[in-house]
Amino acid sequence: MPYLLSPNAPLAKLYLEHQQASITFERMTVGEAITEWERFQPEGTYAARADMQGLKEVADAPDDRARERKPDKECPMKRSTFDGEAIVYRYGCPHWADLDEAGLGQLRLAHNLWNELVAGELQHEETVRQLWAQRPEVSETLAVVTVAEEALTKLLERTKSEHVKDRSTRTRVETKSAVAEARRELREARAVAKAAKKSAYAEMEPLFAEVKQAQRDVQRALYGTYTGQGLYWAMWNEVLQRFQTTLQTIATQRRAGRPATVRFHRWTGEGTLTVQLQRQTGDPARTPSMLLSPESKWKNVFVPPECAREEWPERCRPAARPNRGRGNIRIRMGQDEQGAAQFAEIPVQMHRPLPSNGDITLVRLTRKRIAGQYRLYFTITVRTERPAERSEGHAIAWNFGWRRLEDGSVRVGTFEASGTPAEPFSFGSPMFDELVRLRDAGRSGEVVIPASWIEVIDKQETIASLRSTSFDEARAVFATALVASPELAEALGVVPGDVSKWRSPSRLAAAVLRWRDLDDSLKGDALTRLEAWRRQDRHLWEWVANERNQLLARRRDVYRVIAAAVSDRFGTVVLDDADYRALARRPVPEEEDAEMARRSRAMRVLVAPGELRDALNQAAKRRGVPVDVHSAAGLTSIHETCGSDLSERSSADFAGSTRVWCATCEKSFDQDSNAAKNLLARLVGNEPGAKAG
Ligand SMILES: [Zn+2]
């Protein structure tokens, strides 16, 4: 499915993309949403990251968004009085945990509901179209629009197939201008149609109002149908809200002149169960211990695990907190045919505690297929009061980027502080000694991704190219078999000449599976070979996907732990305003080779300096530590010690190594530390170079 959203609608784009993953992200922080994205679409991450820049502003102000959103009818809590942050905690379940029949039934009902809403909407659109068709002066202009739309769609498809052919994301020049021309024609046709509609609208209005009302009545009737079948009302709310958001997004797209339509979803066994914890005026806060107490009025909705009562320090490795955070979550699943409430007890591993004074508003349980296996995880939305501002302690300035160091590790962030930390850094796990390299008693240092992690990525890329080679071979074997046996080609419904154009191993694997089910007379040596290929390919794919998931999850975790430790020890966090996502997408000269580029991209997905920045930002805000953002301009081009301007030097000098040479003071210095020092000077109002004068 092509993503045709305008780049100024990043939130909508994120939302739509994740609809496919059956997850909604409106309540997540940026860091969470991006990690989520990476987790499920590691390949698409970098192309989409630029669009997320805008999302950041939205996500940084969750209260305003809550205020803008109309309060749900079922949720009487006044959102406008809430002055704090909504944080989403995510907890994984053991690999063997899965939903029972009742849980799957809920997912299935929600899925069916979505598709019924889509069917209703498409029918409504068709009715409106027919109404317009009765007005010849309008229908003629609409026909022109349709032709123009089709022409554009065809061109966009051509663009896509050319990208595949050229193995590049760059569009050919002639195609680009043809697309621009087609867009212009469509815009004009739409303007004409719009004017025609406008002049006819007054007469048509009562008819439209009638069909709209009819559609609403159908939706209302669906509520009865679905809750009658046992769908939990919170699930109904969730699906309807998601549907309405999608319609709004589509309307925006259409106004921007892009074709868009609601889509049916395929049943994949994935989905999200939702419960809302309603709080009436006068109710106590929905803290973990409140929810565990016998007086909890939410015990028919959600009960956290026993361990949610305890507090333990944020640690990275389970070894550091044996048996901490394990337990069962009890969650409402809807009701059975007799109307009795159904529950599920799902085991969960809480790798970090819920805030003891947090107010839990929403709990979601998602079932997602990862590498051929269903996995469950919870996302728990918690409101916390805005913490009191705390600014005692020294300032710490950060510079981010990625730079391969001589030992094979990759530097992600470098920091310089105005003094030593309030207490020495201690992470309670030897892994962090590798990740956080301190100098000068913690007054400066760097965060690196160890070489062993990078090796995993390199190894994965090797596997990816192995898979690609064996796919080419298997495809050739398949094509030969089809040419040799026209009966086989017919039975499988495949044109032999098309096979060479297949790009996806899963397509070939599906054909092999179909072949396996055919009559024995059509089988032979080739099938045996292809079956062996299919098994091997699936194994490799699952292995790589699992490993990548684990690695990204570990990275997310360590960045959070580091960010928490930093915010506990310093009084101000100083960041620059560089766009780390755009930086991550910029090609590096040595990456002309596609293989290199892919490796390098995978490395950047793992390293994700922007995510370390987000983690620091979030952790500081949660603790009331002020975050000071300054312009990134000129941070690297001035030597902090002597103030000389180094911008004359070629960028190759800077790209090559950590250290650069200052001709004025005849010294070499670390360029990332230098940038962090310059940033620190901006906080004090001491512009870089001022010292020299
Ligand atoms: Zn100098």
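Residues numbered from 1 in each chain as written. Predicted model: local features only at pLDDT ≥ 70, side-chain atom pairs only at ≥ 80, totals over all residues.

1. Observations regarding the overall build of the protein chain
So, point 1. Of regular secondary structure, the protein chain possesses 20 helices and 15 strands.
So, point 2. Within the protein chain, the proportion of its 693 residues that are buried is 32%.
So, point 3. Sequence separation of 24 or more characterises 71% of the internal contacts of the protein chain that already satisfy a separation of 6 or more. (Helix = DSSP H or I, 4+ residues; strand = E, 2+ residues; numbered from the N terminus. Buried ≥ 20, exposed ≤ 12 C-beta atoms within 10 Å, placed from the backbone. Contact = placed C-beta atoms within 7 Å.)

2. Re the packing of helix H6 (residues 101–133) against helix H9 (residues 233–255)
So, point 1. Two elements in contact, H6 and H9, have axes whose closest approach is 10 Å; the angle formed by their N-to-C orientations is 35 degrees. Viewed along their axes, H6 and H9 form a crossing whose handedness is right-handed. For the pair H6 and H9, the contacting residues are Gln106, Ala110, Leu113, Trp114 and Leu117 in the first and Met235, Val239 and Phe243 in the second.
So, point 2. By residue class, the composition of the contact of H6 with H9 is seven nonpolar, one polar and no charged. (Axes fitted to C-alpha atoms, helices over the stretch in contact; angles between N-to-C directions. Left-handed = near helix turned anticlockwise from the far one by under 90°. Nonpolar A, V, L, I, M, F, W, Y, C, P; charged D, E, K, R; others polar.)

3. What about the environment of glycine 230?
So, point 1. Within the secondary structure, glycine 230 sits in the loop between helix H8 (173–228) and H9.
So, point 2. Here glycine 230 falls in the partly exposed class, since 18 other C-beta atoms lie within 10 Å of it.
So, point 3. For glycine 230 and glycine 339, which are 109 residues apart along the polypeptide, the C-alpha to C-alpha distance reads 7.6 Å.
So, point 4. Once residues within four sequence positions are removed from consideration, glycine 230 is found in contact with Gly105, Leu109, Gly334, Gln335, Asp336 and Glu337.

4. So, the pairing of strand S14 (residues 659–662)
So, point 1. As defined by bridge partners, S14 adjoins strand S15 (residues 667–670) across four bridges and the pair is classed as antiparallel. In the sheet register, arginine 659 faces S15, and the bridge partner there is aspartate 670.
So, point 2. Taken together, S14 and the strand that follows it, S15, pair antiparallel across an intervening segment of four residues, in which glutamate 666 is found at a positive phi of about 50 degrees. (Pairing = 2+ DSSP bridges.)

5. Observations concerning the sheet that holds strand S10 (residues 436–439)
The strands making up a sheet associate through hydrogen bonds between their backbones, and the pairing can be parallel or antiparallel.
So, point 1. Pairing within the open sheet is mixed, and its six strands lie in the order S10-S11-S9-S8-S12-S13. At either margin of the open sheet sits one strand with a lone partner, and together these are S10 and strand S13 (627–630). Between one strand axis and the next, the sheet turns through 25 degrees on average, direction left out of account.
So, point 2. Sheet topology note: the strand S12 (residues 572–576)/S13 ladder contains four bridges and is parallel.

6. With respect to the packing of helix H7 (residues 136–166) against H8
So, point 1. Remark: H7 packs on H8, axes separated minimally by 8 Å, with the N-to-C direction vectors making an angle of 160 degrees. Between H7 and H8, the crossing angle belongs to the class labelled roughly antiparallel. In the crossing of H7 with H8, the sense of the turn from one axis to the other is left-handed.
So, point 2. Among the residues making up the contact of H7 with H8, the classes are represented as 18 nonpolar, three polar and eight charged. (Parallel < 35°, antiparallel > 145°, perpendicular 65-115°, else oblique.)

7. Focus on the environment of leucine 466
So, point 1. Structurally, leucine 466 can be placed in helix H12 (residues 451–484).
So, point 2. Judged by C-beta crowding, with 13 C-beta atoms within 10 Å, leucine 466 ranks as partly exposed.
So, point 3. Spatially, the C-alpha atom of leucine 466 lies 9.5 Å from that of aspartate 537, the residues being 71 residues apart in sequence.

8. Considering H9
So, point 1. The end-to-end C-alpha separation of H9 is 33 Å, in line with the 33 Å expected for 23 residues at 1.5 Å each.
So, point 2. Of all the positions in H9, only Ala234, Met235, Trp236, Glu238, Val239, Arg242, Thr246, Thr249, Ile250 and Gln253 are classed as buried. (Expected span 1.5 Å × (residues − 1).)

9. Observations concerning the nonpolar core
So, point 1. In terms of nonpolar packing, the biggest core is built from 49 residues, with Ile396, Ala397, Trp398, Val412, Ile562, Val574 and Leu616 touching the most fellow members.
So, point 2. At eight residues, the largest contribution of residues to this core is made by helix H15 (residues 525–569).
So, point 3. Apart from residues lying up to four places away in sequence, valine 574 is in contact with Ala395, Ile396, Ala397, Trp398, Asp628, His630, Leu679, Leu680 and Leu683.
So, point 4. Judged by nonpolar contacts, the second largest core, of 41 residues, contains Phe302, Met333, Phe378 and Val382. (Core = buried A, V, L, I, M, F, W, Y, C linked by C-beta atoms within 7 Å.)

10. Examining unusual backbone geometry
So, point 1. Positive phi values are uncommon outside glycine, yet alanine 441 reaches one of about 55 degrees.
So, point 2. Residue placement: alanine 441 occurs in the loop between S10 and strand S11 (444–449).
So, point 3. Here alanine 441 falls in the exposed class, since 12 other C-beta atoms lie within 10 Å of it.
So, point 4. The phi dihedral of alanine 608 falls on the positive side, at around 40 degrees, and the residue is not glycine.
So, point 5. When you line up the elements, alanine 608 lands in the loop between helix H17 (594–607) and helix H18 (609–623).
So, point 6. With 29 C-beta atoms packed within 10 Å, alanine 608 lands in the buried category.

11. Describing H18
So, point 1. For H18, with 15 residues, the first-to-last C-alpha span of 22 Å sits near the 21 Å given by 1.5 Å per residue.
So, point 2. Directly beyond the C-terminal end of H18, a positive phi value near 75 degrees is found at glycine 624.

12. Side note on the confidence of the model for the protein chain
So, point 1. Looking at the protein chain as a whole, its pLDDT mean stands at 79, while 81% of the residues score no less than 70.
So, point 2. The secondary-structure element of the protein chain with the lowest mean pLDDT is helix H5 (residues 62–68), recorded at 33, while S11 shows the highest, at 96.
So, point 3. Low pLDDT (under 50) marks residues 1–31, which in the prediction has 71 contacts with non-local residues, meaning those over four places away or in another chain.
So, point 4. Here residues 687–693 scores under 50 on pLDDT; set against residues more than four positions off or in separate chains, the count is 14 contacts. (pLDDT = per-residue confidence, 0-100.)

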